[in-house]
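Observations on the three-dimensional arrangement
Residue-level listing of the chains:
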Amino acid sequence: MNAPTRIHSGVERAAVLMMLVGEEEAAAILQKLDPEEVQQLGKAMFTVADVSEDEVTVVLDDFVEKARERTTVGFDPRPHIEQVMNKALGADKAESVLAKITPIETACQIELLDWMDAGEIVGLIKDEHPQIAAVLLANLDPAVAAQVLEGLPEVVQPQILHRIAKLGPITPEAIDTLKSMLSRRSSGRTSGTGVQLGGAKDAAKILSSGRKATENRVMPKLAKIDRDIARQIEDQLFVFDNLLEMDDKNLGVLIRNVDSDLLVRALKGVDETGRNRFLGCMSARAADGIRDEIEARGPMKLAEVLDAQKGVITVARQLAKDGTIMMGGGDDDYV
(Lines give C-alpha, C1' and ligand atoms only; values in the text may rest on other atoms or scores of the structure.)
Protein backbone atom coordinates (compact mmCIF):
# COMPACT_ATOMS: atom_id res chain seq x y z
CA MET A 1 0.00 0.00 0.00
CA ASN A 2 1.41 3.35 -1.07
CA ALA A 3 2.04 6.01 1.57
CA PRO A 4 -0.38 8.95 1.42
CA THR A 5 0.83 11.85 -0.72
CA ARG A 6 1.96 14.81 1.37
CA ILE A 7 0.41 18.21 0.81
CA HIS A 8 3.20 20.68 0.12
CA SER A 9 3.11 24.41 0.66
CA GLY A 10 3.63 26.82 -2.23
CA VAL A 11 7.30 27.30 -1.34
CA GLU A 12 7.84 23.54 -1.10
CA ARG A 13 6.23 22.98 -4.51
CA ALA A 14 8.56 25.61 -5.95
CA ALA A 15 11.48 23.85 -4.24
CA VAL A 16 10.53 20.56 -5.89
CA LEU A 17 10.56 22.23 -9.30
CA MET A 18 13.95 23.81 -8.52
CA MET A 19 15.35 20.37 -7.73
CA LEU A 20 14.11 19.04 -11.09
CA VAL A 21 15.60 21.71 -13.38
CA GLY A 22 19.28 21.98 -14.26
CA GLU A 23 21.78 23.92 -12.15
CA GLU A 24 22.05 26.80 -14.64
CA GLU A 25 18.27 27.16 -14.89
CA ALA A 26 17.91 27.03 -11.11
CA ALA A 27 20.64 29.65 -10.67
CA ALA A 28 18.94 31.93 -13.21
CA ILE A 29 15.68 31.67 -11.25
CA LEU A 30 17.37 32.44 -7.94
CA GLN A 31 18.92 35.58 -9.42
CA LYS A 32 15.43 36.98 -9.98
CA LEU A 33 14.35 36.54 -6.35
CA ASP A 34 14.67 38.79 -3.33
CA PRO A 35 17.10 37.76 -0.56
CA GLU A 36 14.30 36.65 1.76
CA GLU A 37 12.75 34.57 -1.02
CA VAL A 38 16.11 32.93 -1.75
CA GLN A 39 16.46 31.93 1.91
CA GLN A 40 12.92 30.54 2.08
CA LEU A 41 13.29 28.60 -1.15
CA GLY A 42 16.75 27.26 -0.22
CA LYS A 43 15.45 26.02 3.13
CA ALA A 44 12.50 24.35 1.44
CA MET A 45 14.82 22.57 -1.03
CA PHE A 46 16.38 20.73 1.91
CA THR A 47 12.92 19.91 3.27
CA VAL A 48 11.72 18.21 0.06
CA ALA A 49 14.93 16.26 -0.59
CA ASP A 50 13.10 12.96 0.08
CA VAL A 51 10.06 13.72 -2.07
CA SER A 52 8.45 10.65 -3.64
CA GLU A 53 7.74 10.07 -7.33
CA ASP A 54 3.99 10.41 -6.76
CA GLU A 55 4.51 13.72 -4.98
CA VAL A 56 6.65 14.99 -7.85
CA THR A 57 3.84 14.08 -10.26
CA VAL A 58 1.31 16.03 -8.16
CA VAL A 59 3.57 19.09 -8.09
CA LEU A 60 4.18 18.96 -11.85
CA ASP A 61 0.45 18.57 -12.61
CA ASP A 62 -0.28 21.56 -10.39
CA PHE A 63 2.41 23.61 -12.12
CA VAL A 64 1.11 22.77 -15.60
CA GLU A 65 -2.44 23.65 -14.60
CA LYS A 66 -1.40 27.02 -13.20
CA ALA A 67 0.76 27.73 -16.24
CA ARG A 68 -2.26 27.24 -18.50
CA GLU A 69 -4.18 29.83 -16.49
CA ARG A 70 -1.49 32.47 -16.99
CA THR A 71 -2.00 34.82 -19.93
CA THR A 72 1.05 37.07 -19.45
CA VAL A 73 4.56 36.75 -18.11
CA GLY A 74 6.07 39.64 -16.16
CA PHE A 75 9.58 40.74 -17.16
CA ASP A 76 11.84 43.75 -17.13
CA PRO A 77 11.24 45.47 -20.51
CA ARG A 78 14.31 47.71 -20.40
CA PRO A 79 16.90 45.40 -22.02
CA HIS A 80 14.50 44.62 -24.89
CA ILE A 81 13.55 48.27 -25.42
CA GLU A 82 17.19 49.39 -25.32
CA GLN A 83 18.18 46.73 -27.84
CA VAL A 84 15.36 47.71 -30.23
CA MET A 85 16.19 51.41 -29.92
CA ASN A 86 19.88 50.82 -30.58
CA LYS A 87 19.19 48.74 -33.69
CA ALA A 88 16.63 51.21 -35.02
CA LEU A 89 18.33 54.53 -34.23
CA GLY A 90 21.96 53.83 -33.52
CA ALA A 91 23.70 54.14 -30.16
CA ASP A 92 23.85 57.95 -29.94
CA LYS A 93 20.24 58.66 -30.91
CA ALA A 94 18.96 55.74 -28.85
CA GLU A 95 20.72 57.06 -25.75
CA SER A 96 19.07 60.47 -26.23
CA VAL A 97 15.60 58.98 -26.66
CA LEU A 98 15.96 56.53 -23.76
CA ALA A 99 17.05 59.36 -21.46
CA LYS A 100 13.70 61.04 -22.11
CA ILE A 101 11.41 58.02 -21.89
CA THR A 102 13.00 55.75 -19.27
CA PRO A 103 11.15 55.96 -15.91
CA ILE A 104 13.19 57.74 -13.24
CA GLU A 105 14.55 55.52 -10.49
CA THR A 106 13.48 56.66 -7.04
CA ALA A 107 16.44 55.03 -5.32
CA CYS A 108 19.89 53.89 -6.30
CA GLN A 109 19.27 50.33 -5.02
CA ILE A 110 22.56 49.26 -3.46
CA GLU A 111 21.58 45.60 -3.79
CA LEU A 112 24.23 44.26 -1.42
CA LEU A 113 22.33 45.88 1.47
CA ASP A 114 19.35 43.59 0.81
CA TRP A 115 21.47 40.61 1.78
CA MET A 116 22.58 41.98 5.14
CA ASP A 117 20.77 42.25 8.44
CA ALA A 118 20.77 45.43 10.50
CA GLY A 119 23.63 44.28 12.74
CA GLU A 120 25.92 43.60 9.77
CA ILE A 121 25.20 47.03 8.27
CA VAL A 122 25.91 48.72 11.60
CA GLY A 123 29.27 46.94 11.73
CA LEU A 124 30.14 48.16 8.24
CA ILE A 125 29.30 51.84 8.67
CA LYS A 126 29.77 52.61 12.37
CA ASP A 127 33.18 54.16 11.67
CA GLU A 128 32.21 55.82 8.39
CA HIS A 129 31.38 59.49 7.82
CA PRO A 130 27.74 60.38 8.68
CA GLN A 131 27.13 61.27 5.02
CA ILE A 132 27.91 57.71 3.93
CA ALA A 133 25.66 56.34 6.66
CA ALA A 134 22.89 58.71 5.55
CA VAL A 135 23.02 57.53 1.92
CA LEU A 136 23.00 53.88 2.95
CA LEU A 137 20.08 54.29 5.35
CA ALA A 138 18.09 56.13 2.68
CA ASN A 139 18.42 52.98 0.52
CA LEU A 140 16.99 50.68 3.17
CA ASP A 141 13.45 49.75 4.07
CA PRO A 142 12.42 52.23 6.81
CA ALA A 143 12.01 49.45 9.40
CA VAL A 144 15.54 48.14 8.76
CA ALA A 145 16.94 51.67 8.57
CA ALA A 146 15.43 52.39 11.99
CA GLN A 147 17.21 49.35 13.46
CA VAL A 148 20.50 50.44 11.91
CA LEU A 149 20.09 54.01 13.18
CA GLU A 150 19.40 52.76 16.70
CA GLY A 151 22.47 50.50 16.49
CA LEU A 152 24.82 53.38 15.69
CA PRO A 153 26.39 55.59 18.39
CA GLU A 154 23.82 57.97 19.86
CA VAL A 155 26.08 60.95 19.28
CA VAL A 156 25.91 60.57 15.49
CA GLN A 157 22.21 59.68 15.18
CA PRO A 158 20.96 63.30 14.94
CA GLN A 159 23.70 64.11 12.40
CA ILE A 160 22.76 61.16 10.22
CA LEU A 161 19.04 61.98 10.36
CA HIS A 162 19.83 65.59 9.46
CA ARG A 163 21.82 64.47 6.43
CA ILE A 164 19.07 62.07 5.32
CA ALA A 165 16.57 64.92 5.39
CA LYS A 166 18.86 67.09 3.24
CA LEU A 167 19.90 64.44 0.71
CA GLY A 168 19.32 65.27 -2.93
CA PRO A 169 20.59 63.90 -6.24
CA ILE A 170 23.41 61.38 -5.76
CA THR A 171 25.79 60.92 -8.69
CA PRO A 172 26.29 57.45 -10.15
CA GLU A 173 30.02 57.79 -9.41
CA ALA A 174 29.27 58.28 -5.70
CA ILE A 175 27.01 55.23 -5.70
CA ASP A 176 29.73 53.15 -7.39
CA THR A 177 32.18 54.26 -4.69
CA LEU A 178 29.74 53.20 -1.96
CA LYS A 179 29.18 49.83 -3.61
CA SER A 180 32.94 49.24 -3.81
CA MET A 181 33.36 50.24 -0.19
CA LEU A 182 30.64 47.84 0.90
CA SER A 183 32.09 45.00 -1.14
CA ARG A 184 35.52 45.48 0.42
CA ARG A 185 34.24 45.90 3.96
CA SER A 186 31.89 42.88 3.74
CA SER A 187 34.74 40.52 2.75
CA GLY A 188 33.36 39.52 -0.62
CA ARG A 189 29.78 39.60 0.14
CA THR A 190 25.61 53.43 -15.43
CA SER A 191 26.02 56.53 -16.49
CA GLY A 192 23.23 59.14 -16.24
CA THR A 193 21.89 61.80 -13.94
CA GLY A 194 21.89 61.50 -10.17
CA VAL A 195 19.08 59.76 -8.31
CA GLN A 196 16.95 61.44 -5.68
CA LEU A 197 17.42 60.14 -2.16
CA GLY A 198 16.24 61.12 1.29
CA GLY A 199 14.26 64.15 2.34
CA ALA A 200 12.29 65.00 5.45
CA LYS A 201 9.64 62.42 4.57
CA ASP A 202 12.17 59.56 4.38
CA ALA A 203 13.82 60.71 7.60
CA ALA A 204 10.41 60.73 9.31
CA LYS A 205 9.63 57.22 8.00
CA ILE A 206 12.84 55.90 9.52
CA LEU A 207 12.13 57.57 12.86
CA SER A 208 8.52 56.43 13.01
CA SER A 209 9.58 52.85 12.22
CA GLY A 210 11.83 52.77 15.26
CA ARG A 211 11.22 53.09 18.98
CA LYS A 212 9.54 56.18 20.33
CA ALA A 213 12.39 56.61 22.78
CA THR A 214 14.77 57.07 19.85
CA GLU A 215 12.59 59.81 18.38
CA ASN A 216 12.30 61.57 21.73
CA ARG A 217 16.07 61.47 22.20
CA VAL A 218 17.13 62.38 18.66
CA MET A 219 14.68 65.14 17.74
CA PRO A 220 15.74 67.69 20.40
CA LYS A 221 19.38 67.21 19.40
CA LEU A 222 18.50 67.53 15.72
CA ALA A 223 16.67 70.79 16.46
CA LYS A 224 19.92 72.20 17.85
CA ILE A 225 21.71 71.27 14.62
CA ASP A 226 19.02 72.55 12.23
CA ARG A 227 15.70 73.81 13.60
CA ASP A 228 14.14 74.11 10.15
CA ILE A 229 14.95 70.51 9.21
CA ALA A 230 13.68 69.31 12.58
CA ARG A 231 10.40 71.14 11.97
CA GLN A 232 10.07 69.59 8.50
CA ILE A 233 10.57 66.12 9.92
CA GLU A 234 8.07 66.77 12.72
CA ASP A 235 5.52 67.84 10.11
CA GLN A 236 5.97 64.48 8.39
CA LEU A 237 6.00 62.46 11.61
CA PHE A 238 2.46 63.40 12.51
CA VAL A 239 -0.15 64.60 10.03
CA PHE A 240 -3.75 65.64 10.57
CA ASP A 241 -5.17 62.24 9.61
CA ASN A 242 -3.21 60.68 12.50
CA LEU A 243 -5.54 62.51 14.90
CA LEU A 244 -8.29 60.13 13.77
CA GLU A 245 -6.32 57.27 15.36
CA MET A 246 -6.73 58.76 18.84
CA ASP A 247 -9.37 57.24 21.11
CA ASP A 248 -12.61 59.13 21.83
CA LYS A 249 -11.49 60.36 25.23
CA ASN A 250 -8.23 61.94 24.04
CA LEU A 251 -9.78 63.29 20.85
CA GLY A 252 -12.58 64.86 22.91
CA VAL A 253 -10.05 66.59 25.17
CA LEU A 254 -8.20 67.91 22.13
CA ILE A 255 -11.39 69.28 20.56
CA ARG A 256 -12.28 71.12 23.76
CA ASN A 257 -8.89 72.84 23.67
CA VAL A 258 -9.12 73.94 20.02
CA ASP A 259 -10.73 77.25 19.10
CA SER A 260 -14.01 76.61 17.27
CA ASP A 261 -13.05 78.83 14.34
CA LEU A 262 -9.76 76.93 13.92
CA LEU A 263 -11.61 73.61 14.09
CA VAL A 264 -14.14 74.70 11.47
CA ARG A 265 -11.38 75.71 9.04
CA ALA A 266 -9.45 72.48 9.69
CA LEU A 267 -12.48 70.22 9.16
CA LYS A 268 -13.41 72.01 5.96
CA GLY A 269 -10.86 69.88 4.12
CA VAL A 270 -11.74 66.56 5.78
CA ASP A 271 -14.00 63.96 4.16
CA GLU A 272 -17.35 63.08 5.71
CA THR A 273 -16.04 60.01 7.54
CA GLY A 274 -13.18 61.89 9.15
CA ARG A 275 -15.40 64.85 9.96
CA ASN A 276 -17.93 62.60 11.68
CA ARG A 277 -15.09 61.07 13.72
CA PHE A 278 -14.33 64.50 15.19
CA LEU A 279 -17.93 65.57 15.60
CA GLY A 280 -18.80 62.24 17.24
CA CYS A 281 -16.61 63.24 20.19
CA MET A 282 -18.67 66.39 20.79
CA SER A 283 -22.11 66.99 22.17
CA ALA A 284 -24.90 66.83 19.59
CA ARG A 285 -25.55 70.56 19.94
CA ALA A 286 -21.89 71.51 19.52
CA ALA A 287 -21.53 69.16 16.54
CA ASP A 288 -24.56 70.68 14.83
CA GLY A 289 -23.09 74.14 15.36
CA ILE A 290 -19.78 73.13 13.75
CA ARG A 291 -21.60 71.57 10.79
CA ASP A 292 -23.61 74.76 10.24
CA GLU A 293 -20.47 76.89 10.34
CA ILE A 294 -18.67 74.63 7.88
CA GLU A 295 -21.55 74.89 5.39
CA ALA A 296 -21.81 78.64 5.88
CA ARG A 297 -18.11 79.20 5.10
CA GLY A 298 -18.40 78.26 1.44
CA PRO A 299 -15.27 77.48 -0.62
CA MET A 300 -11.93 78.00 1.14
CA LYS A 301 -8.36 78.08 -0.16
CA LEU A 302 -6.48 74.82 0.38
CA ALA A 303 -3.56 76.71 1.94
CA GLU A 304 -5.90 78.16 4.57
CA VAL A 305 -7.27 74.72 5.42
CA LEU A 306 -3.80 73.20 5.70
CA ASP A 307 -2.65 76.04 7.97
CA ALA A 308 -5.64 75.41 10.22
CA GLN A 309 -4.88 71.68 10.36
CA LYS A 310 -1.28 72.46 11.33
CA GLY A 311 -2.67 74.68 14.06
CA VAL A 312 -4.74 71.80 15.46
CA ILE A 313 -1.68 69.51 15.35
CA THR A 314 0.31 72.14 17.24
CA VAL A 315 -2.32 72.19 19.98
CA ALA A 316 -2.33 68.38 20.09
CA ARG A 317 1.45 68.22 20.42
CA GLN A 318 1.45 70.74 23.26
CA LEU A 319 -1.28 68.86 25.11
CA ALA A 320 0.65 65.61 24.66
CA LYS A 321 3.85 67.27 25.87
CA ASP A 322 2.00 68.49 28.97
CA GLY A 323 0.63 64.98 29.57
CA THR A 324 -2.97 66.10 29.07
CA ILE A 325 -3.62 63.70 26.18
CA MET A 326 -1.92 60.63 24.71
CA MET A 327 -1.28 60.44 20.99
CA GLY A 328 -0.68 56.92 19.67
CA GLY A 329 -2.01 53.57 20.62
CA GLY A 330 0.78 51.19 21.66
CA ASP A 331 3.58 50.53 24.11
CA ASP A 332 6.24 53.20 24.14
CA ASP A 333 4.10 55.17 21.73
CA TYR A 334 3.85 58.58 23.32
CA VAL A 335 4.53 62.00 21.87
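Residues numbered from 1 in each chain as written. Predicted model: local features only at pLDDT ≥ 70, side-chain atom pairs only at ≥ 80, totals over all residues. Heavy atoms only, no water.

1. Quick word on the overall build of the protein chain
Heads up, the rule is: The numbering of helices and of strands both runs from the N terminus, where a helix is a DSSP run of H or I of at least 4 residues and a strand a run of E of at least 2. For every residue, the accessible area (1.4 Å probe, protein chains only) is compared with the maximum for its type, and the residue is labelled buried under 20%, exposed over 50%, or partly exposed between those bounds.
Along its length, the protein chain carries 19 helices and 2 strands. Residue burial in the protein chain is summarised as follows: out of 335 residues, 35% are buried.

2. With respect to the nonpolar core
Worth spelling out the cut-off: To define a nonpolar core, start from buried Ala, Val, Leu, Ile, Met, Phe, Trp, Tyr and Cys residues and group those joined through side-chain atoms within 4.5 Å. Contacts were defined at the residue level, with two residues in contact if any of their heavy atoms lie within 4.5 Å.
Ranked by size, the top nonpolar core spans 32 residues in total, and within it Ile125, Leu137, Val148, Ile160, Leu161 and Ile233 carry the most contacts. For this core, the secondary structure elements donating two or more residues are α7 (118-125), α8 (130-138), α9 (142-151), α10 (157-165), α12 (200-209), α13 (212-225) and α14 (227-237). Every residue in contact with isoleucine 160, bar those within four places of it in the chain, is listed here: Pro130, Ala133, Ala134, Leu137, Leu149 and Leu152. Membership of the second largest hydrophobic core comes to 30 residues, among which are Phe240, Leu243, Leu262 and Val270.

3. A look at the confidence of the model for the protein chain
Stated precisely, the cut-off is as follows: Confidence of the predictor in every single residue is expressed as pLDDT, which spans 0 to 100.
Taken as a whole, the protein chain shows an average pLDDT of 75; of its residues, 75% reach a score of 70 or greater. Every residue in residues 104-109 is under pLDDT 50, and counting partners more than four places away or in other chains gives 12 contacts. Note on residues 187-196: pLDDT is under 50 here. Beyond four places in sequence and across chains, it has 21 contacts.

4. Thoughts on the environment of glycine 274
Positionally, glycine 274 belongs in helix α17 (residues 272-279). Glycine 274 sits in the buried class, given a relative accessible area of 4%. Each C-alpha atom, one on glycine 274 and one on aspartate 241, is 8.0 Å from the other, the two residues being 33 residues apart in sequence.

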